[in-house]
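What follows is each chain in one-letter form.
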Amino acid sequence: MAGVYSKERKRKLEDENRAFQAEWEGDFFFTKGKKEGTALCLICRETVHGNKRYNLNRHYTSIHSQFEEKFPKKSKIREEKLQSLKKSFACERSTLFNAMNKNELTTKASYQVTEILAQKMKPFSDAEIVKECVVTVCKTLFSHLPNSKQILDEVSKLQLSDSTCMRRSQDLAANIALNITDELQQSKYFSLALDSSTDITSISQLLLFVKYVSKDCVVKENFLGMIPMTGQTRGVDYLNTIVSFFNERSIDLKKVFSVCTDGCPSMLGRNIGFVQLLKKHLENDNLLSFHCIIHQESLAVKFGENFSCVMKQVVKIVNFIRSNELNRRTFQEFLKELISQYGDVLYHTEVRWLSKGKVLERFFSIRHEITLFLATKEKEYPDVYDFSWWLKVAFLTDTMCIMNETLTRLQGHYNNIVTKMISIVFSQEQKLNMYIEELSNSDYSSFPSVKTLFRENPDESQDVSDLIKLLTDLKNEMSLRFSDFRKYQEPFRLVENPWSITTANIAHLSVFGYEARDLKNELIDLQHDTELKSVFEEKKKNKAHYEFWKAVEKDKFPNLIDCAQKILCVFASTYVCESTFSKLKFIKNKYRSRLTSENVENILRISVSSQPANIDAILESCERFRHSTSTNVS
């Protein structure tokens, strides 16, 4: 329609791409502005928008009309005045830049201190103490220097109030989260480890960890997020929460190929567990799901009634000593008088993986002192005078020490490759056969506590049939568990040694979505490649055989490489979640219970993340920098 105003026709100034002309300096005493498309008057420092001769001329003639009379064009005095104004402007800009640069460095130092406090999980209110310490140190160390006052002034400008540090932690955590999200969006696949636990304010916190392959073919493990479950914690609740979490971050949940959980019914329920619901949501029946291998190892160590009553009695005796303050003080003094190996007994905590073994080890080590102490207290525990009862205690002590050693080997980030963890568990299963054979032959070399007890009581009967039965039950229990890992034990050896598996084994990896025929053909080609075998042997000597797959040609073995990378990305345990829960308990304690879930997540992300925040990138996005206005430490 004629005469109707159209926004699409409006011409924007930046679209004209007008450049500043050098001749305008001499004609109108203007220089190029800081922003594109602007010019700065050297006389009054006013900025004119639009690099047009008309705009600059209008400003010059209307505001500085008398300037033309004092400094005529093409005169020497005008040229000198121009150079003087330019020099003055350059000096002002340099001074301003130095001030901004100093403030930027102060802000950067503030971010660095905040990052350290978050990594150490310390309260941000401690930041002012850090500042006070730095000022005190500077006063002492640099007092003899001529610029000591300048150093103190710069230190006193640090912005380290608790509210400032909280905002800094948000920026640092946001930067880390953004980098991880970008990498996940670009990755082809990833695996999940998730677990939930209740914090001090009775909020169920769901932790998510991811493992994926980056663009430079490096397997990375990172903290993805902490989600507070304020309502119910059913499988459907977990599913809805996680789906929303991934949608908000524009991460394709269909890229997930493996999930590891703690094995609770809401996670692994046959019909309405989270894993089953996730398979239906993704329409992927081949989604791998694993019950944490450390949890399974702990659950496998079950005792029959004959031995569980022994453990209950040990716990009762320990509780008698420790639950009463007078009893505990008296017992500690009693141990000091006897110059005992230990100074106290340990409480048993059911949820701690290693607690049972440590309690039994300490209890058996000071068994004589405990017996004497109970006699002085006239407390009747007839079992402590029964050799058969102590034999069971000794056997449980040795058995739990063996199992604790296995559990310890399964923990830690150095054992986060699924094939290593499977090997540790199944080798333990084979050792149980050896222990049964040793006990049957009255060989107690693997049971030092039992051996010590028999040496101290040579006249007692060495009937170990109950002990053999417990080991047999333990072996049978372990053989019933780990079915999820047992199925892929042989195929997963592809990452350790592709020359040790067969085409029948490799066919099982078709669960990753590849044709079994292609996997078999590529495996045969790889096993007959002598050059690659020599590369593998070299990597293996340097204990870097997992990096071998970086050297394999992707064009020749695309399916095998993808399978190997997926195996390396599999979570075999939720250890990362459990260790993070320990940090969560440390951060959100009874003294900091009012911390919001968002702030707790920020601190956790900084302390747990394997890659630090890019502080320089954060500073580049800052509009301005300010120094501290506090004067309490200057």
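Labelled according to an unreviewed UniProt entry, the protein appears under the name HAT C-terminal dimerisation domain-containing protein, originating from Macrosiphum euphorbiae.

We now examine the overall build of the protein. Counting its regular elements, the protein contains 28 helices and eight strands. Taking 2.2 N^0.38 as the reference for a compact globule, 634 residues should give roughly 26 Å; the C-alpha atoms of the protein span a radius of gyration of 35 Å, well beyond that estimate. Each of the three principal axes of the protein carries a C-alpha extent, and together these read 125 × 70 × 55 Å. Buried residues in the protein amount to 47% of all 634 residues. Counted over contacts in the protein with a minimum sequence separation of 6, partners at least 24 positions apart contribute 69%. By element, 49% of the accessible surface of the protein is carried by carbon and sulfur atoms, the whole surface being about 34,100 Å². Averaged over its 89 positive side-chain charges, the protein has a centre that lies 7 Å from the centre of its 82 negative ones.

Glancing now at the packing of helix α14 (residues 355-365) against helix α15 (residues 367-376). Following both chains from N to C, one finds α14 and α15 inclined at 70°, their axes separated by 5 Å at the closest point. Regarding the angle of α14 to α15, the classification is roughly perpendicular. Facing α14, whose interface residues are F363, F364 and S365, α15 presents R367, E369 and I370. Counted by class, the contact of α14 with α15 contains three nonpolar, one polar and two charged residues.

Take the sheet that holds strand β7 (residues 256-261) next. The strand order across the open sheet built from five strands is β6-β5-β4-β7-β8, with neighbouring strands paired in mixed fashion. Edge positions in the sheet fall to β6 (219-229) and β8 (288-291), since each of these pairs with one other strand and no more. For this sheet the average axis-to-axis angle between neighbouring strands, irrespective of direction, equals 20°. With nine bridges joining them, strand β4 (residues 190-198) and strand β5 (residues 204-213) adopt antiparallel strand pairing. The residue bridging S191 from the neighbouring strand is K211, located in β5.

Another point: the sheet that holds strand β2 (residues 38-41). One open sheet accounts for three strands, arranged β1-β2-β3; its pairing is antiparallel. Of all the strands in the sheet, the pair left with one neighbour each is β1 (30-32) and β3 (47-49). In this sheet, adjacent strand axes meet at a mean angle of 35° when their direction is disregarded.

Turning our attention to helix α10 (residues 274-282). The set of residues buried in α10 consists of F274, V275, L277, L278, K279 and L282. Where the residues of α10 are buried, they touch β4, α8 (235-248), β7, α9 (265-268) and β8. Two residues or fewer past α10, E283 is found with a positive phi of approximately 55°.

Let us look at the confidence of the model for the protein. Summing up the model confidence of the protein, the mean pLDDT is 86 and the portion of residues at 70 or higher is 93%. Per-residue pLDDT stays below 50 along residues 1-9; that stretch engages in one contact with residues further than four places along the chain or on separate chains. Segment residues 95-100: pLDDT under 50, and one contact once partners within four positions in sequence are set aside and those in other chains are kept.

The final tally for this structure, using the stated rule, is 25 aromatic pairs. Relative to F548, the ring of F536 has its centre 5.3 Å away and its plane inclined at 85°; by these criteria the two rings are edge-to-face. Here F536 is found in helix α23 (residues 530-541), whereas its partner F548 is found in helix α24 (residues 548-551), with 12 residues between them in sequence. Note on accessibility: F536 and F548 belong to one class, buried. Through pairs of rings, three or more aromatic residues link up here, namely F290, F485, Y488 and F492. The ring of F364 has R367 lying over it, and the distance from NZ or CZ to the ring centre is 4.1 Å.

What follows covers helix α16 (residues 387-410). Residues three or four positions apart in an α-helix share a direction because the helix packs 3.6 residues into each turn. Helix length check: α16, at 24 residues, gives a terminal C-alpha distance of 35 Å against a target of 34 Å (1.5 Å per residue), a fit within 8%. The element α16 is largely enclosed, with a buried count of 19 among its 24 residues. Phi for G412, located one or two positions after α16, is positive at around 100°.

Okay, the pairing of β4 next. Counting the residues that bridge the hairpin from β4 to β5 gives five residues, and of these S202 lies at a positive phi of roughly 65°. Relative to β7, β4 is paired through four bridges, and the arrangement is parallel. Pairing of L192 across the sheet is with V259, part of β7.

Moving on to the packing of α16 against helix α17 (residues 418-440). At a minimum axis distance of 10 Å, the contact between α16 and α17 shows a crossing angle of 160°. The orientation of α16 with respect to α17, classified from their angle, is roughly antiparallel. Taken as a pair, α16 and α17 cross one another with a handedness that is right-handed. Residue-level inspection shows F395, I402, M403, T406, R409 and L410 of α16 in contact with α17, the latter providing M421, I424, V425, Q428, K431, Y435 and L439. In the contact of α16 with α17, the residues fall into nine nonpolar, two polar and two charged.

The next point concerns the side chain of S110. Mapped onto the fold, S110 is located in helix α4 (residues 76-119). Residue classification places S110 among the buried positions, given a relative accessible area of 0%. Excluding anything up to four places from it in sequence, S110 contacts L158, Q159, L160, T164 and R168.

This part takes up the nonpolar core. Formed by 171 residues in total, the largest nonpolar core has its most connected members in F274, L494, F512 and W549. Per-element tally for this core: the top contributor is α16, with 13 residues.

Of note in the backbone geometry, S202 takes a positive phi value of approximately 65° without being a glycine. Non-glycine residue C217 carries a positive phi angle of around 60°. Within the secondary structure layout, C217 lies in the loop between β5 and β6.

What counts, and at which threshold
- Residues numbered from 1 in each chain as written.
- Predicted model: local features only at pLDDT ≥ 70, side-chain atom pairs only at ≥ 80, totals over all residues.
- Heavy atoms only, no water.
- Helix = DSSP H or I, 4+ residues; strand = E, 2+ residues; numbered from the N terminus.
- Rg over C-alpha atoms; globule rule 2.2 N^0.38 Å.
- Buried < 20%, exposed > 50% of the residue type's maximum accessible area, 1.4 Å probe, protein only.
- Contact = heavy atoms within 4.5 Å.
- Areas by Shrake-Rupley, 256 points an atom, 1.4 Å probe, with all protein chains shown as cover.
- Lys, Arg positive; Asp, Glu negative; His and termini not counted.
- Charge placed at Lys NZ, Arg CZ, Asp CG, Glu CD.
- Axes fitted to C-alpha atoms, helices over the stretch in contact; angles between N-to-C directions.
- Parallel < 35°, antiparallel > 145°, perpendicular 65-115°, else oblique.
- Nonpolar A, V, L, I, M, F, W, Y, C, P; charged D, E, K, R; others polar.
- Pairing = 2+ DSSP bridges.
- pLDDT = per-residue confidence, 0-100.
- Phe/Tyr/Trp six-rings, centres within 6.5 Å; stacked < 30°, edge-to-face > 60°.
- Lys NZ or Arg CZ within 6 Å of the ring centre and 35° of its normal.
- Expected span 1.5 Å × (residues − 1).
- Left-handed = near helix turned anticlockwise from the far one by under 90°.
- Core = buried A, V, L, I, M, F, W, Y, C linked by side-chain atoms within 4.5 Å.

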